[in-house]
Amino acid sequence: MNIVDNDITVTKHTKALEFIEEVTTNTDTVQKQVLSEILSISSHVEYLERYGLNGRTDRETYKNVIPVATYEDIKPFVERIANGDISPILCGRPIKGFSVSSGTSGGERKIFPCIEEEMERIWFTRNLVMPVVNKYIPGMDKGKAMFFMFTKERAYTPGGLPFCSALTVYYESSQFKNRPYDPFEDYTSPDETIFCKDYYQSTYSQCLCGLYQSKQVVRVGSVFVNGLIRIILFIQKHWSLLCNDIRTGTINAQIIKDASVREAVQKILVKPDPELADFIELECKRDESWKGIIARLWPNAKYIDSIISGSMSQHIPSVDFYSNGLPFVGARYACSECFLGINLNPLCKPNEITYTIIPTMAYFEFLPIFDKNQQNKNNQQEQHDAQELVDLADVKLGYEYELFLTTYTGLYRYGVGDVLRVVGFKNTAPIFQYICRKKILLSVDSEKTSELELQNAVQNAMKHLVAKFDVSLVDYTSYADTKSTSNQGHYVIYWELRHHSLDNATTTTSTTPSSSIIPRSVFEECCLICEESLNSEYKENRTLEKAIGPLEIKIVETGTFDKLMDYAITQGSSASQYKTPRCLKNVELLNSFVVSNYFSQEFPHYTPGF
């Protein structure tokens, strides 16, 4: 099942598609082989011996003796490796370093062991993406990809092992650095701009290269779609400097100070191009709202390549606005722990993006998730079965599951925290839609509010606001205020809004609509809609028990969420991996940019028993 032809040819794409067909047809057989191989490699490690696996590699024994695990369960073992213990603790292969999660979805940064062979698996699986995309969007080998990539400085554990963001591990791997030329993966950004650890220099240089080669660009993207929006806002702020460099064929030495970056960029800016500079300047000045700017600056771009599922979906209207409706392609599904799967239907609607897990990447298990209504409809045996992890080939259509992994890198029945819904099958392999993170975001009393519930509440409130005013949501986060001066804790939701004037002659962009534009009563209605959208436990505690105070919406200044990201990067987060945290414990920074706040003026409707 290995692709041996490294040439970028039709034959290679054919073999890639044949591989997908093979592993999705024999899903359970492949999964048994993967688990057996993992356990054979790591049969002697301390973690497995602790539970008495005794070298067995069969699935039945493994599932009977190895318990499910959280990060807290493996953390002591990880820390021992980080502190220099070289005995076989988690993995039978040498640990070469650690990848670091962003910490923006789970609430804390985690580190996971890395081994050399895993990079080979990731590289191979990532190379399955373009053969699939090219089936639906041909000609992707006839131009360049303007895909923004960033790396972070490596740090070192007390034991001397490097650790850095998962994407930095990938970009700095020998597989990426020594990759053969591939016309389907021909980037506008030279590697030197990607490896530049100064975020500002890296961003400016990648934008400069992307604009200079604008007519060659056939796809535009970043790992997460919020990163692409940040790039557009960066260009909006710096386009005059970028145009000057293109017009003169020189590089602003006050910005790009890294000599290797300057040299690499200069090889692309081979000569002055005043005509292109004039064109970019004209397009940047044409419409202050920057509607359609992506399609205008990169006229040959065929799609947006970014992750837009889950909480990222709230950025879809903004990217639609900037791109004039270019198709979205959410091609990959991955996490810091493992590369998971790919989208086999790349031209689906953004809210219908699904992923087929590649069964060779890890051994996958799933915990069924039932809400109260589902439990009432199922018999006791089904409820009991819900507590058992089921295999990849045994999940059921329409059911939701929490994802668990057993990896080559030393994770065993590890709960990732992602909630997935089965929406179909590719041969015998399930097709999943990403729903949300399982972790509870908000709670001030006995109620528990999940990421998905918060996302739905915000979306419902925004529909009400958009119906009355021409605004869009730039970003949001939340906070459980249990330290209020009142006796009641309450939910606080921070919104950054963009207001687009309907007057084309005086088009402006404002992210802090004044009360003269949007009355206070409308925001108070939005507060109530948020409360009405939350679960019955919340509404019971809010309305019947009166244990929760009125929900509050705080409007923040333009650029506040950019400042939040900037702060996260200074604290060690990766620019490529950054996702806005949907709940914060410390909101001091956000509160310094609040321009107005509103409370729900009514209790949400609640009927006991429902």
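(A) Region of interest: the overall build of the protein chain. Each helix and strand in the protein chain was counted, giving 23 helices and 23 strands. Within the protein chain, buried positions represent 58% of all 610 residues. Counting every atom, the protein chain has about 25600 Å² of accessible surface; 50% of that belongs to carbon and sulfur.

(B) Representation of the sheet that holds strand β3 (residues 144–148) in the model. With parallel pairing, the four strands of this open sheet are ordered in space as β3-β6-β7-β8. The open sheet terminates on both sides in strands that have one partner only, identified here as β3 and β8 (328–329). Note: strand β6 (residues 217–224) against strand β7 (residues 303–307), four bridges, orientation parallel. Note that in β7 the partner of Arg219 across the bridge is Tyr303.

(C) Up close: the nonpolar core. In this structure, Tyr171, Ile294, Trp298, Phe364 and Phe366 are the most contacted members of the largest nonpolar core, which totals 143 residues. When residues of this core are assigned to their parent elements, the largest contribution, eleven residues, is made by helix α12 (residues 225–248). If you look at the next biggest cluster of nonpolar residues, it comprises 31 residues, including Leu454, Ile548, Leu551 and Ile553.

(D) Here's a closer look at the pairing of strand β15 (residues 414–426). In the sheet, strand β14 (residues 400–406) pairs with β15 via five bridges, with the strands oriented antiparallel. Residue pairing across strands places Leu405 opposite Tyr414, the latter belonging to β15. Judged from the eight bridges that link them, β15 and strand β16 (residues 429–437) form a sheet pairing that is antiparallel. For Phe425, the partnering residue across the bridge sits in β16 and is Pro430.

(E) The arrangement of unusual backbone geometry in detail. Phi is positive for Asn54, which is not a glycine, with a value near 55 degrees. Along the chain, Asn54 falls in the loop between α3 (46–50) and α4 (59–65). Owing to a relative accessible area of 71%, Asn54 belongs among the exposed residues under this scheme. Of note, the phi angle at Trp290 is positive, near 65 degrees, even though the residue is not glycine. In this fold, Trp290 is placed in the loop between α14 (274–286) and α15 (293–297). You can call Trp290 buried: its relative accessible area is 2%.

(F) Focus on the sheet that holds strand β4 (residues 155–156). Across the sheet, four strands lie side by side as β2-β1-β5-β4; this open sheet has mixed pairing. Each edge of the open sheet carries a strand with a single partner, namely β2 (111–114) and β4. Here strand β1 (residues 97–100) runs beside β2; their pairing, made up of four bridges, is antiparallel. Across the sheet, residue Ser99 finds its bridge partner in β2, namely Phe112.

(G) Broad picture of the side chain of Asp418. Summarising the element assignment, Asp418 is placed in strand β15. Aside from chain neighbours lying at most four places away, what touches Asp418 is Tyr333, Tyr401, Glu402, Leu403, Tyr434, Cys436 and Arg437.

(H) Molecular detail of the pattern of salt bridges. This model, assessed by the stated rule, comprises 32 salt bridges. Of the charged contacts, one joins Glu365 and Lys63 as a salt bridge, the two residues approaching to 3.5 Å between their closest N and O atoms. Of this pair, Glu365 sits in strand β12 (residues 363–369) while Lys63 is found in helix α4, placing the two residues 302 residues apart along the sequence. Within this structure, Asp28, Arg59, Lys63, Glu365, Asp391 and Arg413 form a network of salt bridges that share partners.

(I) The packing of aromatic side chains, seen in detail. A full pass over the atoms with the stated rule returns 22 aromatic pairs. Counting every residue linked through ring pairs, the aromatic cluster contains Trp123, Tyr170, Tyr171, Phe176 and Phe195. Directly above the ring of Tyr408 sits Arg121, whose terminal nitrogen or CZ lies 3.6 Å from the centroid. Directly above the ring of Tyr476 sits Arg582, whose terminal nitrogen or CZ lies 4.2 Å from the centroid.

Cut-offs applied
- Along each chain, residues carry numbers from 1 onward, in the same order as the chain's sequence is written.
- Per-residue local features are limited, in this predicted model, to residues with pLDDT of at least 70; the limit for side-chain atom pairs, both in listing and counting, is 80 or more; totals at the level of whole chains, interfaces and linings are taken over all residues.
- Think of the side-chain values as coming from all heavy atoms in the structure, minus any hydrogens and water.
- Numbering of helices and strands runs from the N terminus; a helix is a DSSP stretch of H or I covering at least four residues, while a strand is a stretch of E covering at least two.
- A 1.4 Å probe rolled over the protein chains alone gives each residue an accessible area, and that area as a share of the maximum for its type sets the label: buried under 20%, exposed over 50%, partly exposed in between.
- All accessible areas in this document rest on Shrake-Rupley with a 1.4 Å probe, and a residue is counted as covered only by the protein chains that are shown.
- Two strands make a pair as long as DSSP finds a minimum of two bridges between them.
- Here, nonpolar core means buried Ala, Val, Leu, Ile, Met, Phe, Trp, Tyr and Cys residues that are tied together by side-chain atoms lying within 4.5 Å of each other.
- By the convention used here, residues are in contact when the closest approach between their heavy atoms is within 4.5 Å.
- When a carboxyl oxygen of Asp or Glu lies within 4 Å of a side-chain nitrogen of Lys or Arg, that pair is called a salt bridge.
- Pairing of aromatic side chains here covers Phe, Tyr and the six-membered ring of Trp, requires ring centres within 6.5 Å, and sorts the geometry by plane angle: under 30 degrees stacked, over 60 edge-to-face, intermediate tilted.
- Only lysine NZ and arginine CZ atoms are considered, and such an atom sits over a ring when it is within 6 Å of the ring centre and within 35 degrees of the ring normal.

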